[in-house]
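Read off the chains here:
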Amino acid sequence: MQRITILGATGSIGVSTLDVLARHPEQYEVYALSAHSRVDELASQCRKYRPRRAVVGNAEAAAELSRLLAGLPVDVSYGEAALCEIASSPDTDTVMAAIVGAAGLPPALAAARAGKKILLANKEALVMSGQLFMDAVLEHKATLLPIDSEHNAIFQSLPGSYARDPAAAGVAKILLTASGGPFLTRAVETLEDVTPEEACKHPNWSMGRKISVDSATMMNKGLEVIEAHWLFGAPAELIEVVIHPQSVIHSMVSYTDGSVLAQLGNPDMRTPIAHALAFPERIASGVAQLDLTTMGALQFHKPDYARFPCLALAFDALRAGGTAPALLNAANEIAVEAFLERRIGFRDIDRVVRRVMDENPHGAAIDVAAVMVQDAQARRAARQLVAGIARS
Ligand code: NAD
Ligand code: MG
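Residues numbered from 1 in each chain as written. Chains lettered and ligands numbered in written order. Predicted model: local features only at pLDDT ≥ 70, side-chain atom pairs only at ≥ 80, totals over all residues. Heavy atoms only, no water.

**Describing the pattern of salt bridges**
- Considering all chains together, one arrives at 26 salt bridges under this definition.
- Between Arg-351 and Glu-192 there is a salt bridge, with its nearest N and O atoms 2.5 Å apart. Placement of Arg-351 in helix α14 (residues 346–359) and of Glu-192 in the loop between β8 (171–178) and α8 (196–199) is noted, with a sequence separation of 159 residues between them.
- Looking at Arg-351, the relative accessible area reads 34%, which means it is partly exposed.
- With a closest N to O distance of 2.7 Å, Arg-379 and Asp-375 form a salt bridge. Highlighted residues: Arg-379 and Asp-375, both in helix α15 (residues 368–391), separated by 4 residues, approximately one helical turn. The pair Arg-379 / Asp-375 is uniform in exposure class, with both members buried.
- Here the salt bridges do not stand alone but share partners, grouping Lys-123, Asp-148, Glu-150, Lys-221 and Glu-224 into one network. (Salt bridge = Lys/Arg side-chain N within 4 Å of Asp/Glu carboxyl O. Helix = DSSP H or I, 4+ residues; strand = E, 2+ residues; numbered from the N terminus. Buried < 20%, exposed > 50% of the residue type's maximum accessible area, 1.4 Å probe, protein only.)

**Here we look at the nonpolar core**
- Ranked by size, the top nonpolar core spans 92 residues in total, and within it Ile-118, Phe-133, Leu-328, Phe-346 and Val-356 carry the most contacts.
- With 12 residues, helix α13 (residues 324–340) is the single largest residue contributor to this core.
- Each of domain 1 (2–146) and domain 2 (321–392) contributes no fewer than three residues to this core.
- Beyond its immediate sequence surroundings of up to four residues, Leu-328 is in contact with Met-219, Leu-223, Ile-226, Leu-313, Ala-314, Ala-317, Val-353 and Met-357.
- In terms of nonpolar packing, the next biggest core, distinct from the first, is built from 37 residues, Ala-9, Val-56, Met-96 and Ala-276 among them. (Core = buried A, V, L, I, M, F, W, Y, C linked by side-chain atoms within 4.5 Å. Domains from an automatic or database assignment. Contact = heavy atoms within 4.5 Å.)

**Section: the site of ligand 1**
- In the vicinity of ligand 1 there are 21 residues, among which Thr-10, Ser-12, His-36, Glu-124 and Gly-208 approach most closely.
- Contact between ligand 1 and Gly-8: an oxygen atom at 3.3 Å from a main-chain N or O atom of the residue.
- Within the side chain of Glu-124, a nitrogen or oxygen atom sits 2.7 Å from an oxygen atom of ligand 1.
- Protein coverage of the free-state accessible area of ligand 1, which is 830 Å², stands at 86%.
- The set of elements that each furnish at least two residues to the shell around ligand 1 consists of α1 (12–22) and α6 (123–139).
- For the shell around ligand 1, a count of residues per class yields 11 nonpolar, 7 polar and 3 charged. (Near = heavy atom within 4 Å. Polar contact = N/O pair within 3.5 Å; in protein donor to acceptor, adjacent residues only side chain to side chain. Areas by Shrake-Rupley, 256 points an atom, 1.4 Å probe, with all protein chains shown as cover. Nonpolar A, V, L, I, M, F, W, Y, C, P; charged D, E, K, R; others polar.)

**Quick notes on the coordination of the magnesium ion (ligand 2)**
- Looking at the magnesium ion (ligand 2), one finds its protein donor set to be Asp-148 (OD), Glu-150 (OE) and Glu-224 (OE), positioned 2.1 Å from the metal centre.
- Within one chain, the residues donating to the magnesium ion (ligand 2) are spaced in sequence as D-x1-E-x73-E. Within this pair, whereas Asp-148 is found in the loop between β7 (143–146) and α7 (149–157), its partner Glu-224 is found in helix α10 (residues 219–232), the two being separated by 76 residues in sequence. One exposure class covers both Asp-148 and Glu-224, and it is buried. (Donors = N, O, S within 2.8 Å, 3.2 Å for Na, K, Ca; no water.)

**Some thoughts on the packing of helix α12 (residues 309–320) against α13**
- Following both chains from N to C, one finds α12 and α13 inclined at 150°, their axes separated by 7 Å at the closest point. Classified by the angle their axes make, α12 and α13 are roughly antiparallel. Contacts between α12 and α13 involve Leu-313, Ala-314, Ala-317 and Ala-320 from the former and Ala-324, Pro-325 and Leu-328 from the latter. (Axes fitted to C-alpha atoms, helices over the stretch in contact; angles between N-to-C directions. Parallel < 35°, antiparallel > 145°, perpendicular 65-115°, else oblique.)

Put into structure tokens, the structure is as follows:
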């Protein structure tokens, strides 16, 4: 029995994870579930999956959840310390890190420091503190498996010996595929007028609202470039973004001998989730087999950095190093939230991120405290810029 904690159980990844687990009750047991504010949904998950612990965002939500679960043996608590507890408890083996944004960093890091098997969906944690996170994984002998479909595909396309001896693997390029999102071909001058509904309507994937907007600006791919850098120890020059609108190939590795290995599948996150849960074995995920004969043409082309300035900003942040990616991530979280609340326009997202990057010098990412100071500074600066735009 593998005992699982799901951080962000009510989100898109959390729900897909529970769907896969429910197919294999003899192999997996849910230890703990967390949600931020959707208490009703967490309550019904608790009734179905019977975790020992449930964690929510604040005291009011905890009181409401306790009321809904009266009579069930579920220990209810709230806040960051409780999230860190369920991520590091001796009673759990595996942690699905599927909280969205910087809020996911403390519990993901707690899981790493407790030497857990971590299934990492929360890419923002790695973007903010990549070196510190990878150091913690190594030092505490944690196992880190990527859930992001591209990184899971790259992981599957690399040899098993890669972590021990990356130089011997002969990797020439990591080819990170990107669908291009909903605005791949929309007239650039109309991007100013995009609505949150249009931005969240991804052509291939059904996801949470923040990552959907990130996919529309292609900041998501930028964050994934930084994520790939840390996960696979690859410099920026080794990582190439390839637009592939069909999302059938989930990423590729190109080798010095001319071989290219790819992972293909229907675009459904239950495949990487099942892969990481069962690794190195395979289990059924509920995803239909890919039918190559009905698929039609697969297309590939280079990204347009003028259409997607966020992608270039992320490469800049990766090259700058230190806390620059934390600045990028924090500014983006504030800008996306403001866009979703209709306080700024779609194109203001990249303007806010660029100005925060330009106007706030980054430092060395010596420890998590230093990263959090930059994160807070970037959020303040981004909020001021948003307020200025909203007033004008
Ligand atoms: P979502 O918005 O659907 O769900 C987010 C979850 O995090 C919810 O359970 C919510 O309760 C919780 N949460 C939100 N704010 C919180 C806070 N401040 N404190 C504690 N918990 C909080 O998001 P999602 O689409 O499931 O994405 C989750 C993560 O996985 C993101 O980092 C995203 O980039 C990554 N990811 C998602 C997909 C996908 O297909 N959805 C694919 C690849 C990577
Ligand atoms: Mg992805």
